[in-house]
Every structure is written in C-alpha cells, then in structure tokens.
Amino acid sequence: MELTSNFKERGGEIVALITSTFAASEGDAEGQLVGRMAADILATVAKDDLLVFTALEAGKIVGAIMFTRISYPQDPRTVFVLSPVAIGASHQGQGVGQQLLHYGLKHLRDAGVDVALTYGNIKYYTKVGFAQITDAQAQPPLPLRYPHGWLGQSLKGDGFAPLKGSSHCVEALNDPAYW
Ligand SMILES: CC(C)(COP(=O)(O)OP(=O)(O)OC[C@H]1O[C@@H](n2cnc3c(N)ncnc32)[C@H](O)[C@@H]1OP(=O)(O)O)[C@@H](O)C(=O)NCCC(=O)NCCS
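Let us look at the structure shown here. Residue positions are given per chain, counting from 1 as you read along its sequence in written order. Two thresholds apply to this predicted model, a pLDDT of at least 70 for residue-level local features and 80 or more for giving and counting side-chain atom pairs, whereas whole-chain, interface and lining totals are computed over all residues. Derived side-chain values reflect all non-hydrogen atoms in the structure, with water molecules and hydrogen atoms excluded from consideration.

Glancing now at the pairing of strand β2 (residues 50-57). Only protein chains enter the accessibility calculation, which uses a 1.4 Å probe. A residue is then buried if its area is under 20% of the maximum for its type, exposed if over 50%, and partly exposed in between. Going along the chain from the N terminus, every DSSP run of H or I of four or more residues is numbered as a helix, and every run of E of two or more is numbered as a strand. The element β2 is extensively covered by neighbouring structure, given that 7 of its 8 residues are classed as buried. Bridge analysis of strand β1 (residues 2-4) against β2 gives 3 bridges, and the strand direction is antiparallel. Across the sheet, leucine 3 pairs through a bridge with alanine 55, a residue of β2. One bridge is not enough; two strands pair if DSSP finds at least two bridges between them. Pairing analysis gives 8 bridges linking β2 to strand β3 (residues 60-69), with the strands arranged antiparallel. For leucine 56, the partnering residue across the bridge sits in β3 and is isoleucine 61. Connecting β2 to the antiparallel partner β3 that follows it, the hairpin turn spans 2 residues, and alanine 58 within it adopts a positive phi of roughly 50°.

Given below as structure tokens:
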C-alpha cells in the first residue's frame, strides 16, 4: 500500500472512487451527492486551501481523503475540515482508512495546521484522534443536521481550545445538503 499527497492528474479517478464507494454504502443518490462535492472541491478550491491524500494498491487509487480550509476570522489558528473520506469496498476493514487518516493528519501537523475538524461517524473518527465537540467549541459554517457528528482535534498535542467566532468553509462545501 502506497500513501501519497500527490494527486495531480488523478482527479477523475478520485471522484469515481468516492462516487462508487458512497453509492455502495449509502445508495446511488448519496454517491452522486458526495461525488459532486468531491468534483467541485477539486475543480474550485485554491491550492493553498486543499490537501488530498490517496492510498494506492498496484498503482490504482483505493482510498481518498480531502481536507479543505475552514476560516475562523476571529481566531488566529489555521483550521482544516476533513471531508470526504472513502475507502473502496474491496479494501474496507483492513486498516486502510485509519492509515490514510493518520498519514494525512501528520502531513497537516507538519504543515503547521493547528486544528482539524470533521463531521461524521463518532465511533470511527475517535480512532484517529477526533473527539466530539459542540457548536460552542467551534461554530460550524452551516447548521448541522446531526450535531452529535461534529468532531475536532488539536494538532498541537494539547487539548481542543474553543475556536472563536463564526466560520466560513470553501464554496464547494457551502451547501446545506452536506451539513
Ligand atoms: C468508513 C470507512 C472510511 C472506514 O475505512 P476502512 O478502511 O474500512 O476502516 P479501517 O479498516 O481503517 O478501520 C476499521 C475499524 O473501523 C470500524 N469502522 C469501519 N467503518 C465504520 C463505520 N462506518 N462506522 C463505524 N466504525 C467503522 C471497524 O469496525 C473497525 O473497527 P476495529 O478497528 O475496532 O475493528 C470506509 O469503510 C468507507 O469508505 N465507507 C464508505 C464511505 C463512508 O462511510 N465514509 C465516511 C463518511 S463519515
């Protein structure tokens, strides 16, 4: 298994993996929705605001995760939000997701990012350092339908200190359907 932060020229393959993975686990409509979100992220997010990590098996992409910048103008810290996360059905349950998440989070830490947020399955993401947070600890950019799925972690080796003020996500995530 090769893990990489270099995804140049492989956007189509990444979007296809994300679409088919979510379609298989949550149905075609969810596959289309998350696939469109990933395609928009790759097409529109500025280079400095995007980090994509992939897992390759025999040169083929079998897992992909994306982090995009989320701004808290009243807080000096650098914050990125993780979404989406997809490991192809034939590679699930083998630790690939956790390896790729640890790899990506280390990359963010090395790049000086202070805080990572995500929105999803508590049981899964707590395995890679995330903990449940409230709106009071980090205001989400849009109202959350499942507030219990709002998660965060400091990448500085300390506890999660609340982020100040309101937040803005990248335009590609600025859709209530994703939150
Ligand atoms: C969820 C997903 C990313 C996990 O990746 P993975 O490589 O299969 O998971 P790993 O092998 O790294 O981790 C396995 C562990 O996570 C748990 N796990 C896997 N998928 C889970 C899920 N959806 N919810 C909760 N726990 C899950 C397993 O029970 C296992 O636990 P254990 O280590 O205690 O035995 C992957 O299954 C996937 O892409 N699913 C479809 C899309 C999706 O749901 N993405 C995440 C949206 S929040």
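Structure's up, so let's keep going.
Relative to the elements of secondary structure, isoleucine 41 occurs in helix α2 (residues 28-44). Overall, the relative accessible area of 0% leaves isoleucine 41 in the buried class. Sequence separation between isoleucine 41 and valine 113 is 72 residues; the distance between their C-alpha atoms is 19 Å. Contact between two residues is taken to exist if any of their heavy atoms lie within 4.5 Å; hydrogens are not considered. Isoleucine 41 has contacts with Leu50, Met66, Thr68, Ser83, Pro84, Ala172 and Leu173, leaving out every residue within four places of it along the chain.

Strand order in this open sheet of 7 strands is β1-β2-β3-β4-β5-β7-β6, and the pairing throughout is mixed. Both edges of this open sheet fall to β1 and β6 (131-132), since each of them pairs with a single strand only. Direction of pairing for β6 relative to strand β7 (residues 150-154): antiparallel, over a ladder of 2 bridges. Each bridged residue has a counterpart across the sheet, and for glutamine 132 the counterpart in β7 is leucine 151.

Attention shifts here to the pattern of salt bridges. By convention in these notes, a salt bridge is any Lys or Arg side-chain nitrogen within 4 Å of a carboxyl oxygen on Asp or Glu. Under the definition given, this model contains 6 salt bridges. Of the charged contacts, one joins arginine 36 and aspartate 175 as a salt bridge, the two residues approaching to 3.5 Å between their closest N and O atoms. Of this pair, arginine 36 sits in helix α2 while aspartate 175 is found in the segment after β7, placing the two residues 139 residues apart along the sequence. On the basis of relative accessible area, aspartate 175 is assigned to the partly exposed category, the value being 24%.

Only Phe, Tyr and Trp rings are paired, with Trp represented by its six-membered ring, and only when their centres lie within 6.5 Å; those with planes under 30 degrees apart are stacked, over 60 edge-to-face, the remainder tilted. The full count for this structure, using the stated rule, is 7 aromatic pairs. Seen from their ring centres, tyrosine 125 and phenylalanine 130 are 6.0 Å apart, and the 85° between their planes marks the pair as edge-to-face. Summarising the burial analysis for this pair, tyrosine 125 and phenylalanine 130 share the class buried. Relative to tryptophan 179, the ring of tryptophan 150 lies with its centre 6.2 Å away and its plane at 70°, an arrangement referred to as edge-to-face. Remark: tryptophan 179 occurs in the segment after β7 and tryptophan 150 occurs in strand β7; sequence separation between them is 29 residues. Of the two residues examined, tryptophan 150 and tryptophan 179, each falls in the buried class. One aromatic cluster is present, built from ring pairs that chain together Phe53, Phe67 and Tyr103. Across the ring face of phenylalanine 7, the terminal group of lysine 8 is positioned such that the distance to the ring centre comes to 5.1 Å. Whether a charge sits over a ring depends on NZ of Lys or CZ of Arg being within 6 Å of the ring centre and within 35 degrees of the ring normal.

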